[in-house]
Amino acid sequence: AQSVAQPEDQVNVAEGNPLTVKCTYSVSGNPYLFWYVQYPNRGLQFLLKYITGDNLVKGSYGFEAEFNKSQTSFHLKKPSALVSDSALYFCAVRVQTGANNLFFGTGTRLTVIP
Amino acid sequence: GAGVSQSPSNKVTEKGKDVELRCDPISGHTALYWYRQSLGQGLEFLIYFQGNSAPDKSGLPSDRFSAERTGGSVSTLTIQRTQQEDSAVYLCASSPRYEQYFGPGTRLTVT
């Protein structure tokens, strides 16, 4: 069975500091991994994905994530947080073969403090 | 370009009534998904359409839920005899291959 864990419901970081939002996953087989962001009263926006190749993937708005197969993790990072980054972040996984639907974590609310 | 659109944006209905939710995917995307987002529950997969293949209905919570996709484009999610536990935001997504692009959702409230 596929699952995603986001161990932190809430992450607070000061503006200008680096941020990390954690994600670990469990799949039967090789994963495709995704990060989405949800702003208030808006749908989910795609940030970045890991499909294959380089373990460090770069996405929108200066975000990046590192795929770590041995630790089954895909943490989201940004070198310098902006107040406008404050939102709800979801990690998602799907298997490379078989079902195409995404399995989502429960989300992490990021608050960037001015 | 145009993204995924959903209608209505909000729907309030009485318990026991049927509702239809509509999704217009991004043109050219062959895959279409429905999810449900409940407060404190995260996102829950409901159903998946890929081209002309039979849909993957494995996420539908009961036989009151059904969906169709006409002409490989627009999709309608129907909930019959709505219950209060059906209250949630229903999200539609379309995909060209890997990542999914989501619509703004329909907030359903069953009173």
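Throughout this description, residue numbers start from 1 for each chain and increase along the sequence as written. Written order decides the labels, with chains lettered from A and ligands numbered from 1. Owing to the predicted nature of the model, reporting of local features is limited to residues with pLDDT of at least 70; listing and counting of side-chain atom pairs is limited to 80 or more, with chain, interface and lining totals taken over all residues. Derived side-chain values reflect all non-hydrogen atoms in the structure, with water molecules and hydrogen atoms excluded from consideration.

Chemist: I tried to follow the overall build of chain A on my own but got confused; where do I start?
Modeler: Helix numbering and strand numbering both begin at the N terminus, where a helix is a DSSP run of H or I of at least 4 residues and a strand a DSSP run of E of at least 2. In terms of regular secondary structure, chain A is built from zero helices and 12 strands. Along chain A, from the amino end to the carboxyl end, the secondary structure elements read β-β-β-β-β-β-β-β-β-β-β-β. Taken against the 2.2 N^0.38 rule, which gives 13 Å for 114 residues, the C-alpha radius of gyration of chain A at 14 Å falls within 12% of a compact globule. Seen through its C-alpha atoms, chain A measures out along the principal axes to roughly 45 × 30 × 20 Å. Based on C-alpha atoms, the radius of gyration is set beside the globule rule, defined as 2.2 Å times the residue count to the power 0.38.

Chemist: Got a minute to help me understand the state of the cysteines in this structure?
Modeler: Working definition of a disulfide: a covalent bond connecting the sulfur atoms of two cysteines. The term disulfide is used for any two cysteine sulfur atoms that are within 2.5 Å. In this structure the tally under the stated criterion is two disulfides over all chains. Between Cys23(A) and Cys91(A) runs a disulfide, and the two sulfur atoms are separated by 2.0 Å. One quick way to see it: the torsion about the S-S bond of Cys23(A) and Cys91(A) is about -65°, and its sign makes the bridge left-handed. Of the two residues, Cys23(A) sits in the loop between strand S3 (19–21) and strand S4 (24–26) while Cys91(A) sits in strand S10 (residues 87–95), which places them 68 residues apart along the sequence. The same class applies to Cys23(A) and to Cys91(A), which are both buried. Across the disulfide from Cys23(B) sits Cys92(B); the S-S distance is 1.8 Å. Its S-S torsion of approximately -65° makes the covalent link between Cys23(B) and Cys92(B) left-handed. Of this pair, Cys23(B) sits in strand S3 (residues 19–24) while Cys92(B) sits in strand S8 (residues 88–95), and the two are 69 residues apart along the sequence. Across the pair, Cys92(B) and Cys23(B) agree in class, each one buried. Exposure is judged per residue with a 1.4 Å probe applied to protein chains only, and the accessible area is read against the type maximum: over 50% gives exposed, under 20% gives buried, and values in between give partly exposed.

Any functional reading would require information that these geometric values do not contain.
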